[in-house]
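Report on the structure
What follows is each chain in one-letter form.
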Amino acid sequence: MFQATRSIFSQGLTKNHACVQNKTSILTRCFSSIEPREPVLNVEQFQQALLKHAPLISKSLVTQGFYATPEPFSVLSKEMITVMREQSINLRNEGRYEQSWSEKIDAVTGKVTRFDKQGVFACEPDGQDYDTAPDLILYMSVLLQTLPELLNVCQERAGDVNDDIEAFGLSMSSFNAKLAVTSPGGSVYPLHIDNPQGLQANDIRKLTCIIYLNPDYETGDGGELRIVSAVDEKIDIPPDGGRMVLFWSDEIPHEVLPTAPNADAGDSSKDRYALTLWIPTDNYQAIHNPRSKFSVLGDEVFSKNNS
Ligand SMILES: O=C(O)CCC(=O)C(=O)O
Ligand SMILES: [Fe+2]
């Protein structure tokens, strides 16, 4: 099972990744001192946990535009999240992370400008990272093979497809992945929507799915994900344990509040790790659907913030 997953996965993602991979990381990877190991993720247990949460995720996405697991270790155990954090750190030690950046769109001119996110570093894990981070790769593989179909089926069974609500049509064949670390000392992500341009930019990402890898998170460590699900409704979700959060990539504004604002930037115990998967839709009508109840949320929130 592990072997099969591994080869399918590396073939699928390696090609896509070739263009962003730099030479330094190839070299450091060849001479890595970390012994390759087998993953310890219990695939069946993880799939069962996804199965249990799927109806709630589907319903909550339809009604609120987002879902957060109620407990920090609902889908994966503390031990598993600890292993995944260690593997994320190992990738960092191999030089796999780069300065993270994003794009801003000017509301008036529509001009897109790129900016660095201070104190945020990220990598795009793929099949080539398997020896260093087998559980991260297996997690991504199992999630992709399980969750999109489960959510599509749950939505159909609940009868939640109608004139206003398009079928999710979540894709099972591709996704984008990002492993990001946000440094203590107050690093943030400004308010944004992950896929603001949609089809105009050939961006068909529909669902953002984040798992936090912060097993020892304490109250006061900050870095909450602030989701704006209605103009005057903000929900702050702590990035604790292995909490999983999902929301519509094309509709839901969100930001990350300062990470451990009172800690030293070099205090690695307060680094905030998050593994994000973006799942595209095969139903293009679902992207920025004008009849969706969240269709004007972004415009309302950003115009309010600018006034
Ligand atoms: O790490 C998080 O909580 C959110 C990250 C995010 O918004 C993004 O990567 O676009
Ligand atoms: Fe985002």
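Here's what I pulled together on the structure shown here.

What counts and what doesn't
- Residues numbered from 1 in each chain as written.
- Chains lettered and ligands numbered in written order.
- Predicted model: local features only at pLDDT ≥ 70, side-chain atom pairs only at ≥ 80, totals over all residues.
- Heavy atoms only, no water.
- Donors = N, O, S within 2.8 Å, 3.2 Å for Na, K, Ca; no water.
- Helix = DSSP H or I, 4+ residues; strand = E, 2+ residues; numbered from the N terminus.
- Buried < 20%, exposed > 50% of the residue type's maximum accessible area, 1.4 Å probe, protein only.
- Salt bridge = Lys/Arg side-chain N within 4 Å of Asp/Glu carboxyl O.
- Near = heavy atom within 4 Å.
- Polar contact = N/O pair within 3.5 Å; in protein donor to acceptor, adjacent residues only side chain to side chain.
- Pairing = 2+ DSSP bridges.
- Axes fitted to C-alpha atoms, helices over the stretch in contact; angles between N-to-C directions.
- Core = buried A, V, L, I, M, F, W, Y, C linked by side-chain atoms within 4.5 Å.
- Contact = heavy atoms within 4.5 Å.
- Parallel < 35°, antiparallel > 145°, perpendicular 65-115°, else oblique.
- Left-handed = near helix turned anticlockwise from the far one by under 90°.
- Nonpolar A, V, L, I, M, F, W, Y, C, P; charged D, E, K, R; others polar.
- Phe/Tyr/Trp six-rings, centres within 6.5 Å; stacked < 30°, edge-to-face > 60°.
- Lys NZ or Arg CZ within 6 Å of the ring centre and 35° of its normal.

**Some details on the coordination of the iron ion (ligand 2)**
Every protein donor of the iron ion (ligand 2) is listed here as His192 (NE2), Asp194 (OD) and His254 (NE2), and their distances to the metal cover 2.1 Å. One chain supplies every donor to the iron ion (ligand 2), and in sequence these donors are spaced H-x1-D-x59-H. Of this pair, Asp194 sits in the loop between strand S5 (189-192) and strand S6 (205-212) while His254 sits in strand S10 (residues 254-256), and the two are 60 residues apart along the sequence. Residue class for His254 comes out buried when judged on its relative accessible area of 4%.

**Describing the pattern of salt bridges**
This model, assessed by the stated rule, comprises twelve salt bridges. A salt bridge links Arg92 to Asp271, with the nearest nitrogen and oxygen atoms 2.9 Å apart. Residue Arg92 is located in helix H4 (residues 78-93), and its partner Asp271 is located in the loop between S10 and strand S11 (272-280); the two are separated by 179 residues in the primary sequence. Measuring nitrogen to oxygen at the nearest pair gives 2.8 Å for the salt bridge that ties Asp129 to Arg96. With a gap of 33 residues between them, Asp129 in the loop between strand S3 (112-123) and helix H5 (134-157) and Arg96 in the loop between H4 and strand S2 (98-105) connect regions that are remote in the sequence. Look at Arg96 and you get buried, because its relative accessible area is 6%. Taken together, the shared-partner salt bridges connect Lys206, Asp250 and Glu251 into one network.

**Some remarks on the site of ligand 1**
Within the structure, ligand 1 sits among Lys178, Tyr189, His192, Asp194, Ile210, Tyr212, Leu225, His254, Val256, Arg272, Ala274 and Trp278. Taking Tyr212, its side chain carries an N or O atom lying 2.5 Å from an oxygen atom of ligand 1. At 3.0 Å, a side-chain N or O of His254 approaches an oxygen atom of ligand 1. Those elements giving two or more residues to the shell around ligand 1 turn out to be S5, S6, S10 and S11. At three residues, S11 tops the list of elements feeding residues into the shell around ligand 1.

**What about unusual backbone geometry?**
In this model, Asn202 sits at a positive phi of 55°, which is unusual for a non-glycine residue. Mapped onto the secondary structure, Asn202 falls in the loop between S5 and S6. With relative accessibility at 69%, the residue Asn202 sits in the exposed group. Backbone geometry at His288 places phi at a positive 50°, although glycine is not the residue there. Tracing the chain through its elements places His288 in the loop between S11 and helix H6 (297-306).

**Comments concerning the sheet that holds strand S7 (residues 225-230)**
Strand order in this open sheet of four strands is S5-S10-S7-S8, and the pairing throughout is antiparallel. Taken across any chain shown, the strands that pair with only one partner, and hence form the sheet edges, are S5 and strand S8 (233-237). Each strand axis lies, on average, 15° off the axis of its neighbour in the sheet, ignoring direction. One ladder, built from two bridges, connects S5 with S10; its direction is antiparallel. When the bridges of S10 are listed, His192 appears paired with His254.

**A closer look at the nonpolar core**
Counting 70 residues, the largest nonpolar core has Leu76 and Tyr139 as its most contacted members. If you tally residues by element for this core, the top one is H5, at twelve residues. Not counting chain neighbours up to four residues away, the residues in contact with Leu76 comprise Leu41, Phe46, Ile81, Met84, Tyr139 and Ile211.

**Concerning the packing of helix H3 (residues 43-64) against H5**
At a closest axis distance of 9 Å, the pairing of H3 and H5 adopts a crossing angle of 40°. Relative to H5, H3 is oriented oblique. Both H3 and H5 take part in a crossing whose hand is right-handed. Between H3 and H5, the contacting residues are Val43, Phe46, Gln47, Leu50, Leu51, Ala54, Pro55, Ile57, Ser58 and Leu61 on the first element and Leu138, Tyr139, Val142, Leu143, Thr146, Leu147, Leu150, Leu151, Cys154 and Gln155 on the second. Grouping the amino acids of the contact of H3 with H5 by side-chain chemistry returns 16 nonpolar, four polar and no charged.

**Description of the packing of aromatic side chains**
Between two aromatic rings, the relevant description is the distance of the centres plus the angle of the planes. Evaluated as defined, the whole model comprises two aromatic pairs. Here the guanidinium or amino end of Arg205 rests over the ring plane of Trp278, the centre of that ring lying 5.1 Å away. Its end group placed over the ring of Trp248, Lys206 keeps NZ or CZ at 4.7 Å from the ring centre.

Remember, this is a structural readout, not a statement about activity or role.
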